[in-house]
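Architecture and fold: a report
So the chains spell out like this:
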Number of protein chains: 2
Amino acid sequence: MANLQELEQEELIKQLIELLEIGAYEAVRALDEKLHYADRAEIMEELSEELRQTYFELLDFEEASEVLEEVGSELFSELIEGMDEEKRSKVIDNMSQDDIVDKLSGLTEEKQEELLSYMDEDTASEVETLLEYEEDSAGGRMTKDYVTLTTEMTIDIAIEYLRQNAPGAETIYYVFVTDEAGILTGVISLRQLIVASPETKISEIMNENVISVYDDEDQEEVARLFSKYDFMVMPVVDKEEKLKGIITVDDILDVIEEEATEDIYKFAGSSDLEIYEEDDASWLRVVRSVRSRLPWLIITIFGGLLSGSVVARYQGTLDANAALAMFMPLLAGMGGNVGTQSSTITVRSIAVGYVEGKEAVRTFFLEVATGFAVGLVCSVIVGLAAMLTNSSTVISLIVGIAMFSNIVTAAAIGTLVPMIFKKLGVDPAVASAPFISTTVDITGLTIYFSLATVLIGKWMI
Amino acid sequence: MANLQELEQEELIKQLIELLEIGAYEAVRALDEKLHYADRAEIMEELSEELRQTYFELLDFEEASEVLEEVGSELFSELIEGMDEEKRSKVIDNMSQDDIVDKLSGLTEEKQEELLSYMDEDTASEVETLLEYEEDSAGGRMTKDYVTLTTEMTIDIAIEYLRQNAPGAETIYYVFVTDEAGILTGVISLRQLIVASPETKISEIMNENVISVYDDEDQEEVARLFSKYDFMVMPVVDKEEKLKGIITVDDILDVIEEEATEDIYKFAGSSDLEIYEEDDASWLRVVRSVRSRLPWLIITIFGGLLSGSVVARYQGTLDANAALAMFMPLLAGMGGNVGTQSSTITVRSIAVGYVEGKEAVRTFFLEVATGFAVGLVCSVIVGLAAMLTNSSTVISLIVGIAMFSNIVTAAAIGTLVPMIFKKLGVDPAVASAPFISTTVDITGLTIYFSLATVLIGKWMI
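Residues numbered from 1 in each chain as written. Chains lettered and ligands numbered in written order. Predicted model: local features only at pLDDT ≥ 70, side-chain atom pairs only at ≥ 80, totals over all residues. Heavy atoms only, no water.

Looking at an unreviewed UniProt entry, chain A carries the name Magnesium transporter MgtE, with the source organism given as Acidaminobacter hydrogenoformans DSM 2784. Database annotation for chain A, UniProt heading Subunit (unreviewed entry): "Homodimer." (UniProt positions renumbered as here; feature names shortened; annotations may be inferred.)

Here we look at the overall build of chain A
Along its length, chain A carries 22 helices and eight strands. The C-alpha atoms of chain A give a radius of gyration of 30 Å, which is well past the 23 Å a tight globule of 461 residues would have. With respect to the three principal axes, the spread of C-alpha positions in chain A is 95 × 60 × 45 Å. The buried share of chain A, taken over its 461 residues, is 57%. Taking the contacts inside chain A whose residues are at least 6 apart along the sequence as the reference set, 65% of them involve residues at least 24 apart. Here chain A has roughly 19500 Å² of accessible surface; of this, 54% comes from carbon and sulfur atoms. (Helix = DSSP H or I, 4+ residues; strand = E, 2+ residues; numbered from the N terminus. Rg over C-alpha atoms; globule rule 2.2 N^0.38 Å. Buried < 20%, exposed > 50% of the residue type's maximum accessible area, 1.4 Å probe, protein only. Contact = heavy atoms within 4.5 Å. Areas by Shrake-Rupley, 256 points an atom, 1.4 Å probe, with all protein chains shown as cover.)

Section: the UniProt feature "domain: CBS" (unreviewed entry) in chain A
What UniProt calls "domain: CBS" (unreviewed entry) maps, in this numbering, to residues 142-204 and 206-262 of chain A. Counting secondary structure, residues 206-262 of chain A comes out at 44% helix and 26% strand; the distance between its end C-alpha atoms is 39 Å.

Observations concerning the sheet that holds strand 3 (residues 174-178) of chain B
All names here are of chain B. Strand order in the open sheet made by the three strands is 2-3-4, with mixed pairing throughout. Across the chains shown, the open sheet's two edge strands, defined by having one partner strand only, are strand 2 (148-150) and strand 4 (184-189). Sheet twist, expressed as the mean angle between neighbouring strand axes with direction ignored, is 35°. Note that strand 3 and strand 4 share five bridges and pair antiparallel. Across the sheet, residue Val175 finds its bridge partner in strand 4, namely Ile188. (Pairing = 2+ DSSP bridges. Axes fitted to C-alpha atoms, helices over the stretch in contact; angles between N-to-C directions.)

Quick notes on the packing of helix 20 (residues 358-388) of chain B against helix 21 (residues 393-423) of chain B
All names here are of chain B. One way to put it is that helix 20 packs onto helix 21 with a least axis distance of 7 Å and a crossing angle of 160°. It follows from the interaxial angle that helix 20 and helix 21 lie roughly antiparallel. In this structure, helix 20 crosses over helix 21, and the sense of that crossing is right-handed. (Parallel < 35°, antiparallel > 145°, perpendicular 65-115°, else oblique. Left-handed = near helix turned anticlockwise from the far one by under 90°.)

Here we look at the side chain of B:Thr300
Note on placement: B:Thr300 falls in helix 17 (residues 282-313). Accessibility expressed as a relative area gives 3% for B:Thr300, which makes it buried. Setting aside anything within four residues of it in sequence, one finds B:Thr300 in contact with A:Leu330, A:Gly333, A:Met334, A:Asn337, B:Pro434 and B:Thr438.

Overview of the relation of the copies chain B and chain A
Between chain B and chain A, the superposition needs a rotation of 180° and an axial shift of 0.0 Å, giving an RMSD of 0.2 Å. Those values place the two copies in the arrangement expected of a two-fold rotation axis. Taken together, the interface assignments show that 99% of the residues at the interface of chain B recur at the interface of chain A, consistent with an identical surface on both copies. (Least-squares fit on C-alpha atoms with pLDDT ≥ 70 in both.)

As for the interface of chain B and chain A
The interface is formed by 130 residues belonging to chain B together with 129 residues belonging to chain A. Applying the counting criterion to the chain B and chain A interface returns six salt bridges. Note that B:Glu42 and A:Lys228 form a salt bridge whose closest N and O atoms lie 3.2 Å from each other. At the junction of chain B and chain A, the tally comes to 16 residue pairs in polar contact (both at pLDDT 80 or more). The dominant element in the side of chain B that touches chain A, judged by the number of residues it contributes, is helix 17 of chain B, at 19 residues. (Salt bridge = Lys/Arg side-chain N within 4 Å of Asp/Glu carboxyl O. Polar contact = N/O pair within 3.5 Å; in protein donor to acceptor, adjacent residues only side chain to side chain.)

Remarks on the sheet that holds strand 2 (residues 148-150) of chain A
Residues and elements named next belong to chain A. What the three strands build is an open sheet, ordered 2-3-4; its pairing is mixed. On the outer flanks of this sheet lie strand 2 and strand 4 (184-189), each paired with one strand and no other. Looking at each pair of strands side by side, their axes are set apart by 35° on average, direction ignored.

Examining the packing of helix 16 (residues 249-267) of chain A against helix 19 (residues 328-351) of chain B
Two elements in contact, helix 16 of chain A and helix 19 of chain B, have axes separated by 10 Å at closest approach and are oriented at 160°. Classified by the angle their axes make, helix 16 of chain A and helix 19 of chain B are roughly antiparallel. Where helix 16 of chain A crosses over helix 19 of chain B, the handedness of that crossing is right-handed. Residues A:Glu257, A:Ala260, A:Thr261, A:Ile264 and A:Tyr265 of helix 16 of chain A form the contact with helix 19 of chain B, whose participating residues are B:Thr344, B:Ile345, B:Arg348 and B:Ser349. Taken together, the residues that form the contact of helix 16 of chain A with helix 19 of chain B break down as four nonpolar, three polar and two charged. (Nonpolar A, V, L, I, M, F, W, Y, C, P; charged D, E, K, R; others polar.)

Focus on the packing of aromatic side chains
In total, this model carries 19 aromatic pairs over all chains according to the counting rule given. With centroids separated by 5.5 Å and ring planes inclined at 70°, the aromatic side chains of A:Phe364 and A:Phe365 adopt a geometry described as edge-to-face. Note on A:Phe365: relative accessible area 55%, which makes it exposed. Members of the aromatic cluster, connected to one another through ring pairs, are A:Tyr173, A:Tyr174, B:Tyr173 and B:Tyr174. If you follow B:Lys239 out to its NZ or CZ, it ends over the ring of B:Tyr214, 4.0 Å from the centre. (Phe/Tyr/Trp six-rings, centres within 6.5 Å; stacked < 30°, edge-to-face > 60°. Lys NZ or Arg CZ within 6 Å of the ring centre and 35° of its normal.)

Examining the pattern of salt bridges
Inspection of the entire model under this criterion finds 32 salt bridges over all chains. Notably, a salt bridge pairs B:Arg52 with B:Glu78, separated by 3.1 Å at the nearest N-O pair. Pair noted here: B:Arg52 is in helix 4 (residues 49-58) and B:Glu78 is in helix 6 (residues 73-82), with a separation of 26 residues, a long-range link. For B:Arg52, a relative accessible area of 9% puts it in the buried group. Among the salt bridges present, the one from B:Glu152 reaches B:Lys201, with a minimum N-O distance of 2.9 Å. Here B:Glu152 is found in the loop between strand 2 and helix 12 (155-165), whereas its partner B:Lys201 is found in the loop between helix 13 (190-195) and helix 14 (202-205), with 49 residues between them in sequence. Looking at B:Lys201, the relative accessible area reads 30%, which means it is partly exposed. Connected via shared salt-bridge partners are A:Arg29, A:Asp32, A:Arg40 and A:Glu63.

Concerning unusual backbone geometry
In this structure, A:Glu241 takes a positive phi of about 70° despite not being glycine. Here A:Glu241 shows up in the loop between strand 7 (233-237) and strand 8 (243-248). Even without a glycine there, the phi angle at B:Asp230 is positive, about 50°. By secondary structure assignment, the location of B:Asp230 is in the loop between helix 15 (219-229) and strand 7 (233-237).

Topic: helix 7 (residues 85-94) of chain A
Residue and element names in this part refer to chain A. Along helix 7, the residues classified as buried are Lys87, Arg88, Val91 and Ile92. Projected down its long axis, helix 7 shows its buried positions confined to an angular sector of 125°, all on one face. Residues of helix 7 that are exposed and angled more than 90 degrees away from the buried face: Glu85, Glu86 and Asp93. Elements in contact with the buried residues of helix 7: helix 4 (49-58), helix 5 (61-70), helix 6 (73-82) and helix 8 (97-104). (Arc of directions from axis to C-beta.)

Topic: the nonpolar core
With 115 residues, the main nonpolar core has A:Leu68 and B:Leu68 as its most contacted residues. With six residues, helix 1 (residues 6-21) of chain B is the single largest residue contributor to this core. Setting aside its immediate chain neighbours within four residues, A:Leu68 contacts A:Phe56, A:Phe76, A:Leu79, A:Ile80, A:Met83, A:Val91, A:Met95 and A:Lys103. (Core = buried A, V, L, I, M, F, W, Y, C linked by side-chain atoms within 4.5 Å.)

Details of the UniProt feature "transmembrane region" (unreviewed entry) in chain A
Residues and elements named next belong to chain A. Following the UniProt record, the feature "transmembrane region" (unreviewed entry) maps to residues 294-314, 364-388, 394-421 and 433-456 here. The distance separating the terminal C-alpha atoms of residues 364-388 is 35 Å; by composition the span is 100% helix and 0% strand. The span residues 394-421 carries 100% helix and 0% strand; its end-to-end C-alpha distance comes to 39 Å.

Some points on the side chain of B:Ser65
All names here are of chain B. With respect to the helices and strands, the residue Ser65 is situated in helix 5 (residues 61-70). Assessed through its relative accessible area of 1%, Ser65 is described here as buried. If we ignore the near neighbours within four places in the chain, the residues touching Ser65 are Val91, Asn94 and Met95.

Describing the environment of A:Met232
Its place among the elements puts A:Met232 in the loop between helix 15 (219-229) and strand 7. Between the C-alpha atom of A:Met232 and that of A:Glu160, which follows or precedes it by 72 residues, the distance is 23 Å. Those residues within four positions of A:Met232 in sequence are excluded, and the remaining contacts are A:Tyr174, A:Phe226, A:Ile247, A:Thr248, A:Val249, B:Tyr173 and B:Met232.

Quick notes on a negative patch on the surface
Taken together, the side chains of A:Asp102, A:Glu134, A:Glu135, A:Asp136, A:Asp218, A:Glu220 and A:Asp254 make up a negatively charged region of the molecular surface. Assignment of secondary structure puts A:Glu134 in the loop between helix 10 (121-131) and helix 11 (138-141). (Patch = residues over 30% accessible without salt bridge, like charges linked within 9 Å, V, L, I, M, F, W, Y side chains within 5 Å. Lys, Arg positive; Asp, Glu negative; His and termini not counted. Charge placed at Lys NZ, Arg CZ, Asp CG, Glu CD.)

Rendered as structure tokens:
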């Protein structure tokens, strides 16, 4: 019974909703205890507004604050407003600050003001400080909810200090140490504290080599450090090395997922505008989708018109050999796909830090070598297919050679463009599928038709 | 001095390598102390084999084992083989098991056998058990390096037990509790242990609702649970609910990054074969690239030939109106891009758990609505562009209407296909860029030419 697997949990959630609907509140409470706060928050999202209020009122203030940490911004503001004053102040006091900031930053400034007015002065001013940081910076991700030790404390005093001050803190498993001026000077683990002798000074056993981040550091870089060093928590400092907050690893899991989604969308030629909350209104999502995607599509239009002008330039060759038109989609499609494959792999390799210095040159040659191998196989298949579908030998040969050159060019362009962007300080992800496939369309058609013009001219006479 | 920022660190690494090269070993040691093991491992990878051995010998066995946890498989096996027997057994004993398993699983079976022979019997047999799990299952990610408490212990005994047995364990911040049969019955945090009164029994204060995973669970699902519940550690059980191992959050960061890379590659039409280690040989990478990408490209060829047959079918219309050829690349390109955008966003939404039940229907209509809006804007631009480039009014109109229908169809196909795949139990990521753009090519050309055939026939007479 103690061991909850995912399926059992879904079953519990269903039962709980049914019990709520028939008003069996005691049974609800009994079941509720078996559920994690994240699951209770999920239940909240699924309930009608009325049942939601009933359910929420069943929770004591500690439970309420844990559940509030897990819900979305809109629901957070609805539930906070629905509480009586006394419970509200207790609940807010018990919530972790970075979560409050997270919810507030999803709301309008007006709503923010209103919710800030419910908090005591200290909390409100700390939350306001945090709200001023960019959402995707270290400062925007950190919490001020931690305890610090000072270098001069002895172990027994430090442990007593933690007992008294830590209950609300986000983590006490790694505690940071500052000097009198608040400057970060070391870190000590709860484990070290427990095994050390009571009269030792913190400064004697703390680790002085703390890796920290500045408060304006980008969250993607922070995530990279967490994953490189296997940290559970990292300190955030200002430019004077004063400790400003801490970031815990659970927030970093979200960052990594968010950044991956952003990268994936960019590949498809859509901006990060398109990462919306689940509770966004429908019309808002459509407007944002259109705004994120249109820029790339308009570039595609001009690229497409350019490709068209290539076709127009060789209209003579095309008119004389109508069969050439039949292989246009095939050549363009293959070039686009090979180019997209190469650029996707290059952009991701740059993002995870694989492609630097010598490695870049090696990656380029490996991609071109792959293009050669793939090109050989595909050009033979396509050439044979052309012959089997009754094209002349010359046309089959042209299609085969064009296919090969096309694939090699596409692999080269797909690899080079993101690397050049990186060098120029442009986000390599701009070399997305739409950009690459449009570029490769133009080079591919030029290769195909110029080859056709030259070869047909030579051999047909 | 205590506070290391990334730039300072790179400077330190450079200095350290220079000092090693001139043989100033004492200075190397002094500098070394300021570096994290992950940085020392990075230095290892950059050094020549000779300098690497020299540097590695400077480390004591504790440092050596920490560094070994951070290097790649190849380097791990090189360094282990280079050590004398006594140091080796100490080093291996001090390493965390899941890291040993991780390195071994990147090596040939022969090498695995050899390295296993260096370990003591206990470790070797535990590592062998772990090696038998699928690499990307919960079992393959877990470690057996942990301590458990039993329900009947009192707090003071438990704390003493941890002091004696925990030094090598991966985490003691959350300790799992089992009954006499080894069945998982609860969890308790170090924090709870410290604040509880000494004579309390574990069973009285432990949390009985432990969320666990089965050892054969997929790592992606494990990562989802970590991120949903903000866990630092999760217990892994077998089908009898017996505790088999634990997974810590630092390994989950890698899983999330790995799975994101896998998804990104799949979008581009490449399989997970292509996720290689940095130290893979060049020829191996090319072979694997070709094998990962060819299947999709061969499907693209057949798709392209099908598209070609659409063109061939309307050859009459095309011959009579040569200008139609000019807009083929544009229409195909736009359809491909819109389809890829829709499918990418749908596949990612499915992956992060946004699209289920009612939400699926809503997503479909929102994508089609986006297609409508985007289609309107693009068809006007393209229609005008066609008129400006001296196409006749009929052709401009055909191009505009085709563009609009093409974009709406592409958005619908791009959204529906991944959803249908999901329903059928096929990985939605199969609806990748190559698949969608090829499908949309065929529908787009059919729309274009059939429209042209009908309209030109009607209006030209």
